[in-house]
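# Remarks on the overall topology
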Amino acid sequence: MCSIIGYKGKDFAAPILVNSLKRMEYRGYDSVGVATLDEGKLLVRKGTGKVAEVNNKLDMSHMSGHIGIGHTRWATHGGVTDKNAHPHAAGDNKIAVVHNGIIENYKELKAELIKEGYIFASETDSEVIAHLLHRYYIETESIKQSLIKTCKRLQGAYAFVAVFQDGTIGGARYEEPLIIGVAKEGYFVSSDVLGFLEHTDKAIFLDNGDITIVDNDKVEIFDFEGNPVNRPITQVAWELGDIDKGKYAHHTLKEIDEQKLSIIRAYNQEEEKIDEFCKILSAAKNVYIVGSGTSYHSALVAKHVLGRYAKIRVEAIMSSESKYILSSLDKDSVVIAISQSGETADVLDSVRLAKNQGTKILSIVNVTTSSLARMSDSFLGTNSGPEIGVAATKSFTAQLIIIYSIADKLSEGKLGLDKEKLIHAVDRMLSNKSTVERLAQELKNHKDLYILGRFLHYPIALEGALKVKELAYVHAEGIAAGELKHGPLALMEKNTVVMILNPHDSTFNDTISNAHEIKARGATVVGISDSKEDVYDYWIPIPALSEEALYPIVEVIPLQLLAYYLAVGKNVDPDYPRNLAKSVTVR
Ligand code: M6R
């Protein structure tokens, strides 16, 4: 996923663009670039590295002009090189383009353009957009027509913003988000509201197939046939304070800490929305839950919780696998999609596949203006606020709260969701981080880490392992405790470290036996539990809870913290893990 931004207004564009790119850097961070227009001359500066580094090197924020575009890249086509960084220019610097997405037919387009004499400077798929715009602009002498004709040629997923030599900013969206920010001093065209939230909270969300032109202080929106399209101006609910790190060294730690508030916000749902969601769910004959990464782990928890308490049998499916599995749905089925961003390509693909078969879509989503929310028959917002750290933390526990609220409602309170006790328990986990910080110091040179859990704790073992892998680059594996004897026990020896999710619930007795089996092989046992047991070499205490379904929310916190402190101890940036992007909008 990349971030794109365009600005046209009264202020100098470059410092605004650089700042916007810093705000959106979580979307992609291997290279960066800015193009501004000054007195009809297009200036382009770009290079590999993070925004601050490239800005230090190239002084992008002092480029002149009041009109410009910018980009941070997460490489898909073409390596991480200065040349492949966006913007891409065409027509002897008459047009420059930034793009997010993948142009699937770029090879054919590129061959066609090369035949016509166009020279490509990069290996990217994106550069074809710049040359197509130029070609159609020459042909039609109309920016509007050049945008329309270009969009009609592109296949794949894209949002792009282009700056033309006469000062016009043009953009289009197809399967990737593009939002116009309407500020007093000018207009923004951005892939995320975070690109302009510092300047305005008024936004126009473009829909698939919308093209926009920002020119002479007005915005025009039209479809691929050139027909005008009306999109309302909406007020963005997020506030600037939500996207600042404040006193924290990293967004990730801030977001882990925010869980004491974000779980309360997740509880606060409109009664009618929960009712509508539950009504659709309880009428379904078959229920499937899809998600990717962390959101898939929420789906696994949902499967157990809905099954045990609401007696609804559910299949949890990784979104990336759904095309092989969800081929025979019908109107009586329901697909619940879980996603923080609401823009993950695999999740949206699952939803499209289901919708095409007449299946109802429910979703649990943080970004309520996202594609997923729009595609859903009913959705519940996790209300987590922006999550900037690439690792999902507060959005995960908020997803669990919503799943529990649904299960509690459908089971008429059987789950026993004691809001006050849970909030208190989360608060306790977050007020004492030193045990986990010390443990991270001890474990920082270990190359492997195993996390064991049964039933509801198994998805948390998977989630903890995912956090450790992505933040600290340590090989970590979540293991279903009962499966230990079927293979993983062979890995247990001196120096192996195994973390055991072991609260006093229905899984305790079986899991403590696993702890002994592991210890007997000389491995180190770390117990995450509400009681201290002799078998633990290290103990991470968690508060005792009356209802076992609630333990996952509490026990995931030390795993999030461990991953964070391991990363810090290894001197790697936990906010921006290598090779990753916050939401994966490519397949
Ligand atoms: O925005 P989504 O919830 O759809 O994102 C799904 C995954 O890409 C995401 O959870 C990813 O696994 C995180 N980086 C994990 O921390």
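Above this note sits the structure.
Here goes a summary of the coordinates provided. (Residues numbered from 1 in each chain as written. Predicted model: local features only at pLDDT ≥ 70, side-chain atom pairs only at ≥ 80, totals over all residues. Heavy atoms only, no water.)

### Digging into the overall build of the protein
Note the threshold: Labels follow the DSSP assignment, with helices taken as runs of H or I lasting at least four residues and strands as runs of E lasting at least two, numbered in each case from the N terminus. As a reference, a globule follows 2.2 Å times the number of residues to the power 0.38, and the radius of gyration itself is taken over C-alpha atoms. A 1.4 Å probe rolled over the protein chains alone gives each residue an accessible area, and that area as a share of the maximum for its type sets the label: buried under 20%, exposed over 50%, partly exposed in between. Here, residues are in contact when the closest pair of their heavy atoms is within 4.5 Å. Each accessible area is a Shrake-Rupley estimate made with a 1.4 Å probe; only the visible protein chains count as cover when residues are assessed. Neither His nor the chain ends contribute to the count of charged residues, in which Lys and Arg are positive and Asp and Glu negative. One atom stands in for each charge, and that atom is NZ of Lys, CZ of Arg, CG of Asp or CD of Glu.
Tallying secondary structure elements over the protein gives 18 helices and 24 strands in all. Taking 2.2 N^0.38 as the reference for a compact globule, 587 residues should give roughly 25 Å; the C-alpha atoms of the protein span a radius of gyration of 25 Å, in line with that estimate. With the C-alpha coordinates aligned to their principal axes, the bounding extent of the protein is approximately 75 × 50 × 45 Å. A burial count over the protein gives 62% of its 587 residues as buried. Sequence separation of 24 or more characterises 70% of the internal contacts of the protein that already satisfy a separation of 6 or more. A total accessible area of about 22,600 Å² is found for the protein, and carbon and sulfur atoms account for 48% of it. For the protein, the distance from the average position of its 66 positive side-chain charges to the average position of its 77 negative side-chain charges is 1 Å.

### Here's the deal with helix α2 (residues 51-58)
So the rule is basically this: Our arc is simply the arc of the directions from the helix axis toward the C-beta atoms.
Looking only at α2, the buried set comprises V51, V54 and N55. All buried residues of α2 project into a common sector of 100 degrees when viewed along the axis, lining one side. Away from the buried face of α2 by more than 90 degrees, exposed residues N56 and K57 are located. In the segment just after α2, D59 is the residue with positive phi, at about 50 degrees.

### Focus on the site of the ligand
Rules: Nearness here has a simple test: a residue counts as near a molecule or strand if at least one of its heavy atoms is within 4 Å of that partner. Two N or O atoms count as a polar contact when they lie within 3.5 Å, although within protein this holds only if one can serve as hydrogen donor and the other as acceptor, and sequence-adjacent residues are included solely when both atoms are side-chain atoms. The residue classification treats Ala, Val, Leu, Ile, Met, Phe, Trp, Tyr, Cys and Pro as nonpolar and Asp, Glu, Lys and Arg as charged. All others, Gly included, are polar. Segmentation into domains, and thus their bounds, comes from an automatic or database assignment.
Contacts to the ligand come from 14 residues, most closely from S295, S339, S341, T344 and E470. Here Q340 contributes a backbone N or O atom positioned 2.7 Å from an oxygen atom of the ligand. Within the backbone of A392, one N or O atom sits 2.9 Å away from an oxygen atom of the ligand. Burial of the ligand by the surrounding chains reaches 90%, relative to a free accessible area of 410 Å². Elements with a minimum of two residues in the shell around the ligand: α9 (293-309) and α16 (457-472). Residue composition of the shell around the ligand, by class: 4 nonpolar, 8 polar and 2 charged. The residues that make up the shell around the ligand include at least three from each of domain 2 (251-417) and domain 3 (433-587).

### A word on the packing of α16 against helix α18 (residues 551-569)
We apply this condition: Working convention: axes come from line fits to C-alpha atoms, limited for helices to the stretch in contact. Angles between N-to-C directions cover 0 to 180 degrees. To sort the angles, those under 35 degrees are grouped as roughly parallel, those over 145 as roughly antiparallel, those from 65 to 115 as roughly perpendicular, and the leftovers as oblique. Here is the rule for handedness: rotate from the far helix to the near one, and if that takes an anticlockwise turn smaller than a right angle the crossing is left-handed, while a clockwise turn gives right-handed.
Where α16 meets α18, the closest approach of the two axes is 8 Å, and the angle between their N-to-C directions is 15 degrees. Between α16 and α18, the interaxial angle falls into the category roughly parallel. Along this stretch, α16 crosses α18, giving a crossing that reads as right-handed. Of the residues in α18, those touching α16 at H457, I460, E463, G464, K467, V468, L471 and A472 are Y551, P552, E555, V556, L559, A563, Y564, L566 and A567.

### Quick look at helix α1 (residues 13-23)
The buried count for α1 comes to 8 of 11 residues, which makes it a mostly enclosed element. Those residues of α1 that sit buried are A13, A14, I16, L17, V18, S20, L21 and R23. Turning to α1, the residues buried within the fold contact β1 (3-9), β2 (31-38), α2, β4 (67-73) and β10 (186-190).

### Side note on the environment of R308
For R308, the location among the structural elements is in helix α9. By relative accessible area, which is 33% here, R308 ends up partly exposed. Counting along the chain gives 74 residues from R308 to T382, while the straight-line C-alpha distance between them is 23 Å. If we skip the residues at most four places from it in the chain, R308 touches F455, S506 and E548.

### Quick look at the sheet that holds strand β14 (residues 234-235)
Selection criterion: Two strands are said to pair when DSSP picks up at least two bridges between them.
Strand order in this open sheet of 8 strands is β3-β2-β4-β1-β10-β9-β11-β14, and the pairing throughout is antiparallel. The outermost strands of the open sheet, each flanked by one partner alone, are β3 (41-48) and β14. Contacts between α2 and the sheet are confined to β2, β3 and β4, with β3 contributing the most and set at about 125 degrees to the helix.

### A few points about unusual backbone geometry
Here the residue pair H86 and P87 is connected by a cis peptide bond, since its omega of 0 degrees sits within 30 degrees of zero. A positive phi angle, near 65 degrees, is found at E175, a position not held by glycine.

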